[in-house]
Amino acid sequence: MRILLTGANGYIGMRLLPVLVEAGHHVICTVRDSSRFEIKKSIREKVEVVEVDFLEEPEKETLPPNIDAAYYLIHSMSKAGDFAEKEERSAKNFLKHLEKSKCKQVIYLSGIVNNEELSAHLSSRLKVEEVLKESQLSTTVLRAGIIVGSGSASFEIIRDLVEKLPVMVAPKWINTKCQPIAIRNVVGYLSGVLLKEECYDRVFDIGGPDVLTYREMLMDFAKVRGLKRSIISVPVMTPRLSSYWLYFVTATSYSLATNLVDSMKVDVVVKREGIKEIIPMELLNYKEAVELAFTKIEQHMVVSSWKDAMVAGRGFINRSEFVEVPKNGVFQDCKSLKIERSVEDVAKNIFAIGGSRGWYYGSFLWKIRGIMDKFVGGVGLRRGRTNSDRVYVGDALDFWRVIVADTKEPRLLLYAEMKLPGEAWLEFKIDKEQSPPVLYQTATFRPHGLFGRLYWYAVLPFHYFVFNGMIRNLAKYEEKNSPKAYSPK
């Protein structure tokens, strides 16, 4: 079968794609920037990749007409004032793309709706459902609540709260009920309803076997991690304060925190249970889902992360616009160092930068910069990196976005997503043609106006120490289990 997969490089899409390919389907993947679509070569050879921005009206027939079914996995969690309109527009344009196709079924992953007073986030999802149902295509809607899996937004936010706060002061929504479901079961249902006629024009709630409050989820997470935690709930914390609390403690953006808090005031418990009879499967309970997620993390098998789809404050970033670092009208800090070790060892250090490894010099200064970024509405350092041993184009890396990750050259180019009065790039590359090879490290800043220029001169003294120390330690760092281990200072 020929299956259209929208949002193919999103959190759910990246999990569903290999399952569809393994089942023998030919998958047409739609992405906005194909250069950010990093998948295994064995899978890439079996899929078709098409660049489509569903926020734009289709001007030509971009998609092939011989499509049997389509997954609609596009969601927006941007600023509260515009994401609902964007979601509706995207859904309508998606249907326009399918007008001349032979598509028999559209499958949409939505959110559980149980309350007449819906949050803006859930109302938007419900509106998308209505748009899809108005078409002539058979529609299958799967409504999920909290999705638990390595790299999922809810998993990472709960992890931040539990692992960083021995005592949590939480608002009254901590006692709201939800029915979490493992990402493995979500993918199982998504693939299971494909072209199954008894699922046409139906809506199903999907959830795991446990109905828990958010308090119970946090405490069960702590038990899995072997941590003792206490939670104090207070009735006076407003939604705005709750949003700020989530934003500063976790890796989430403020806009996402606002949407999450808005949704957490409503119980999300399964009521439409008909899916179990059609697609029977073993459902993981909450603790099993958390344990499985950490198994994937420990084995460096995290397939996708919600952070890699998030671009803070700048909207969608097209890699092609930033892959060429500007030369005119910019400030640069250029460092170079002859490499005494093997190129492979230094390259490994380059591609392991950020996250738990850190930035090789002045760790406390990087943390302060991350805190400052949080205070002005930026992403801070808490996003970390999806995988500790590899990095792909499009990945989030602390408060940077990976624009180029060429292991052969080798070259790593990062674009700043922190709040800045301008635009910034950080590039590492090794010239293997020289003898001995030379490591180049270049920080580039394109200022916006006078304030941008003042900012550059204000941070210049810190650059002198941090960037000198960083290139020096990049060339010397060795893993701790190495006989001549070296730790960056």
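Everything numeric here is computed off the predicted structure, so don't read it as measured data.

Turning to the nonpolar core, a few remarks are in order. Grouped together as the largest cluster of nonpolar side chains are 40 residues, with contacts concentrated most on Leu17, Tyr71, Leu109, Leu142, Leu190 and Ile206. Counting residues per element, this core draws most heavily on helix H1 (residues 11-22), which supplies 7 residues. Once you skip the residues sitting within four places of it in the chain, leucine 142 turns out to touch Tyr108, Leu109, Ser110, Tyr189, Leu190, Val193, Phe204, Ile206 and Ile275. Formed by 38 residues, the second largest nonpolar core is a distinct cluster that contains Phe399, Val402, Leu426 and Ala443.

Take the pattern of salt bridges next. Evaluated as defined, the whole model comprises 17 salt bridges. Salt-bridge contacts for arginine 89 lead to glutamate 85; the nearest nitrogen and oxygen are separated by 2.9 Å. Here the residue arginine 89 and the residue glutamate 85 both occupy positions in helix H3 (residues 83-97), the gap between them amounting to 4 residues, near one helical turn. Ionic pairing is found between arginine 125 and glutamate 87, a salt bridge with its closest N-O pair at 3.8 Å. Highlighted residues: arginine 125 in helix H4 (residues 120-133) and glutamate 87 in helix H3, separated in sequence by 38 residues. Comparing arginine 125 with glutamate 87 shows no difference in burial state: the two are buried.

Moving on: the side chain of arginine 411. Along the chain, the position of arginine 411 falls in strand S17 (residues 411-416). Separated by 2.4 Å, the side chains of arginine 411 and glutamate 427 make a polar contact.

If you trace the backbone, threonine 30 turns up in strand S2 (residues 26-31). By relative accessible area, which is 2% here, threonine 30 ends up buried. When neighbours within four sequence positions are excluded, threonine 30 is seen to be in contact with Leu4, Leu5, Thr6, Gly7, Ala8, Val50, Val52, Phe54 and Leu63.

Quick look at the confidence of the model for the protein chain now. Taken as a whole, the protein chain shows an average pLDDT of 83; of its residues, 86% reach a score of 70 or greater. Under a pLDDT of 50 for its full length, residues 310-316 has, in the predicted model, 21 contacts with residues more than four places off or in other chains. Taken together, the stretch residues 481-489 has pLDDT below 50 and engages in 16 contacts with residues farther than four places along the chain or on a different chain.

As a further point, take helix H13 (residues 363-375). When the terminal C-alpha atoms of H13 are compared, their 19 Å separation across 13 residues agrees well with the 18 Å that a helix rising 1.5 Å per residue should span. Every buried residue belonging to H13 is among Trp366, Arg369, Gly370, Asp373 and Lys374, and all of these are buried. Viewed along the axis of H13, the buried residues span an arc of 140 degrees, placing them on a single side of the element. Pointing more than 90 degrees away from the buried face of H13 are the exposed residues Phe364, Lys367 and Phe375.

What counts, and where the lines are drawn
Residues numbered from 1 in each chain as written. Predicted model: local features only at pLDDT ≥ 70, side-chain atom pairs only at ≥ 80, totals over all residues. Heavy atoms only, no water. Core = buried A, V, L, I, M, F, W, Y, C linked by side-chain atoms within 4.5 Å. Buried < 20%, exposed > 50% of the residue type's maximum accessible area, 1.4 Å probe, protein only. Helix = DSSP H or I, 4+ residues; strand = E, 2+ residues; numbered from the N terminus. Contact = heavy atoms within 4.5 Å. Salt bridge = Lys/Arg side-chain N within 4 Å of Asp/Glu carboxyl O. Polar contact = N/O pair within 3.5 Å; in protein donor to acceptor, adjacent residues only side chain to side chain. pLDDT = per-residue confidence, 0-100. Expected span 1.5 Å × (residues − 1). Arc of directions from axis to C-beta.

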